[in-house]
Amino acid sequence: MSDAFITETEIEGAADGPLAGRTIAVKDNISTEGVRTTCGSRMLADYVPPFDATVVERLKDAGATIVGKANMDEFGMGTTTETSYFGATENPAAPGRVPGGSSGGSAAAVAGGDADLALGSDTGGSIRCPAAFCGVVGIKPTYGLVSRFGLVAYGNSLEQIGPFAETVEDAAALLDVIAGPDERDATTREDPDEGAYVDAADGDVDGVTIGVPTELLDGAEAGVVETFWDAVGQLEDRGATYREVSLPSVEHAVEAYYVIAMSEASSNLARYDGVRYGHSVDGDGNWNEVFGRVRDEGFGPEVKRRILLGTYALSAGYHDKYYAKAQDARAWIKQDFDGVLNDVDVLASPTMPVTPFELGEGIEDPLRLYLADANTVPVNLADLPAISVPAGSTDGLPVGIQIVGPAFGERAVVRVSSALA
């Protein structure tokens, strides 16, 4: 079995359709009827869903063949895919290094040729980070564009399912298949614009104004910044212009994001008690003891850390001090993004401020990994669409450029990023 996959399978879709003949890997937190969906955790190691997620139904209807459930950081919590109970995934584009996370198996499957396309989920960069690290394309859609029915919840107010592909055109074509309202997900909304996303991949950036937030360049590795500016220069050569802009609020984004995400994780993962859901153990009738053992054995260290911190942030006496302030910061971040995007068409930054870590290099330093999300988490807090496309390399390691658009501005980010393909 490829280390990109937790479970290999072959689920064939309809005989015809826009994705007929295309193979696809599905992140292992997206429900597939009759096929294990583990979330990279011992807690769900043997869980077989009795239903398909909406996006999986749409893949089948479009003719795609699902070839595997892709490895991931446990419950989506990580930046390297090393927190998976089933072991780490290696980066095909940078052997000996991580593929990014949490959707690292999905990106690695595409980069390594195990699948033509892949689905991931993005709560704070979990599509864009591995896309950048593996040198592929990944789209995080506007919140509500793609149904989350059948996605195992981590951070409900932040996460979205999105596509991976080798090209912008293929990623946009996959987005065309999975996007759209779903009566089973009340957060989904109709895209107010019309036209296929793939049709926007025409590379026409003549007259486009690109904003470059200076705060998202601060702290990035020198080689990453140099590669980013080379990519901006390519867009200028195609007729775009850029100007530096400021998003002061993003300096608080990482702190706000982790308070909100961990709080939502604490609530969502409370259901795994060994009775209703998840790993079970034998007990002597003492429910508290059994509950403690189930969660101690079923969850890995990173998940436990986030549950504890989230529970603390929501506890009496600390809710207003942490969670409420984080929500205030989120509103400020959204206001900043919306204001700047009134003056420019899209924003651009390095996707990740660093190049892929060596396997084992960062896993014992969670704070370092949290800070690596500095350029991606603000987009989730602002509910905006973003894409990561390859910008080049530094020291032989992939670098991604992130293009961010206004709400439901997927066509804009597809158009601009396609000029770099």
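Residues numbered from 1 in each chain as written. Predicted model: local features only at pLDDT ≥ 70, side-chain atom pairs only at ≥ 80, totals over all residues. Heavy atoms only, no water.

J.: Honestly, the pairing of strand β5 (residues 137-140) in this entry has me stumped. Any pointers?
T.: Side chains on a regular strand alternate between the two faces of the sheet. Burial of β5 is two-sided: the residues V137 and I139 facing one way and the residues G138 and K140 facing the other way are all buried. Pairing between β5 and strand β6 (residues 160-165): two bridges, direction antiparallel. The residue of β6 that forms the bridge with G138 is F164. Taken together, the three bridges between β5 and strand β10 (residues 386-394) define a ladder with antiparallel strand orientation. (Buried < 20%, exposed > 50% of the residue type's maximum accessible area, 1.4 Å probe, protein only. Helix = DSSP H or I, 4+ residues; strand = E, 2+ residues; numbered from the N terminus. Pairing = 2+ DSSP bridges.)

J.: Can you help me understand a negative patch on the surface in this one?
T.: A cluster of acidic residues, D3, E8, E90 and D114, forms a negative patch at the surface. Residue E90 is classed as partly exposed on the basis of its relative accessible area, which comes to 35%. (Patch = residues over 30% accessible without salt bridge, like charges linked within 9 Å, V, L, I, M, F, W, Y side chains within 5 Å. Areas by Shrake-Rupley, 256 points an atom, 1.4 Å probe, with all protein chains shown as cover. Salt bridge = Lys/Arg side-chain N within 4 Å of Asp/Glu carboxyl O. Lys, Arg positive; Asp, Glu negative; His and termini not counted. Charge placed at Lys NZ, Arg CZ, Asp CG, Glu CD.)

J.: Sorry, what's going on with the packing of helix α1 (residues 54-61) against helix α4 (residues 168-178) here?
T.: For any two helices packed against each other, the geometry is given by the interaxial angle and the distance between the axes. Packing of α1 against α4 brings their axes to within 8 Å, and their N-to-C directions diverge by 110°. Classified by the angle between their axes, α1 and α4 sit roughly perpendicular to one another. Crossing of α1 against α4: the hand is right-handed. Contact with α1, carried on its side by V55, R58 and L59, involves L174, V177 and I178 of α4 and no other residues of that element. (Axes fitted to C-alpha atoms, helices over the stretch in contact; angles between N-to-C directions. Parallel < 35°, antiparallel > 145°, perpendicular 65-115°, else oblique. Left-handed = near helix turned anticlockwise from the far one by under 90°. Contact = heavy atoms within 4.5 Å.)

J.: Help me out: how do you make sense of the sheet that holds strand β9 (residues 346-350) in this one?
T.: The strands making up a sheet are joined through hydrogen bonds of the backbone, oriented either antiparallel or parallel. Pairing is mixed in the open sheet, where eleven strands are placed in the order β1-β3-β2-β4-β6-β5-β10-β11-β9-β7-β8. A single partner strand is all that each edge strand has here, and the edge strands are β1 (5-11) and β8 (241-245). Put simply, the sheet's adjacent strands are angled 25° from each other on average, direction ignored. Here two bridges tie strand β7 (residues 209-213) to β9, and the two strands are oriented parallel to one another. Residue pairing across strands places I210 opposite V346, the latter belonging to β9. The sheet strands contacting helix α5 (residues 222-237) are β7, β8, β9, β10 and β11 (397-404), and the helix crosses β10 at an angle near 115°. Contacting β5, β7, β9, β10 and β11, helix α12 (residues 410-418) runs over the sheet at an angle of about 140° to β11.

J.: Just checking my understanding: could you explain helix α2 (residues 104-111) for this structure?
T.: In an α-helix, one turn spans 3.6 residues; hence positions three or four apart end up facing the same way. Most of α2 is tucked away, with seven of its eight residues classed as buried. Turning to α2, its buried residues number three or more, namely G104, G105, S106, A107, A108, A109 and V110. Residues of α2 that are buried in the fold lie against β1, β2 (23-27), β3 (65-70), β4 (117-122), α3 (128-134) and β6. G113 lies just past α2 and shows a positive phi near 80°.

J.: How should the nonpolar core be read in this particular structure?
T.: In a soluble, globular protein the nonpolar side chains are often hidden away together inside. Of all hydrophobic cores here, the largest spans 56 residues; its most connected members are I30, V55, L59, L119, I178 and I401. The biggest single contributor to this core is α4, with seven residues. Apart from residues no more than four positions distant in its own chain, I178 is found in contact with V55, R58, L59, L119, V146, I161 and G162. Within the second largest apolar cluster, 46 residues are counted, among which are V290, V294, V344 and V404. (Core = buried A, V, L, I, M, F, W, Y, C linked by side-chain atoms within 4.5 Å.)

J.: Quick question: what am I supposed to make of the packing of helix α6 (residues 253-268) against helix α9 (residues 319-340) here?
T.: At their nearest, the axes of α6 and α9 sit 9 Å apart, and the two run at 125° to each other. Relative to α9, the element α6 is oriented oblique. Regarding α6 and α9, the two cross each other, and that crossing is left-handed. Taking contact as the criterion, the partners of A253, A256, V259, I260, S263 and E264 in α6 are, on α9, Y322, Y323, A326, Q327, A329, R330 and I333. Across the contact of α6 with α9, the residue classes tally to nine nonpolar, two polar and two charged. (Nonpolar A, V, L, I, M, F, W, Y, C, P; charged D, E, K, R; others polar.)

J.: Before we go on, may I ask you to explain the pattern of salt bridges in this structure?
T.: Where side chains of opposite charge bring their charged atoms close, a pairing between them can arise. By the definition in use, this model includes 17 salt bridges. With its nearest N and O atoms 2.8 Å apart, the salt bridge here joins R368 to E361. By relative accessible area, which is 36% here, R368 ends up partly exposed. With relative accessibility at 36%, the residue E361 sits in the partly exposed group.

In short, geometric facts, not functional conclusions.
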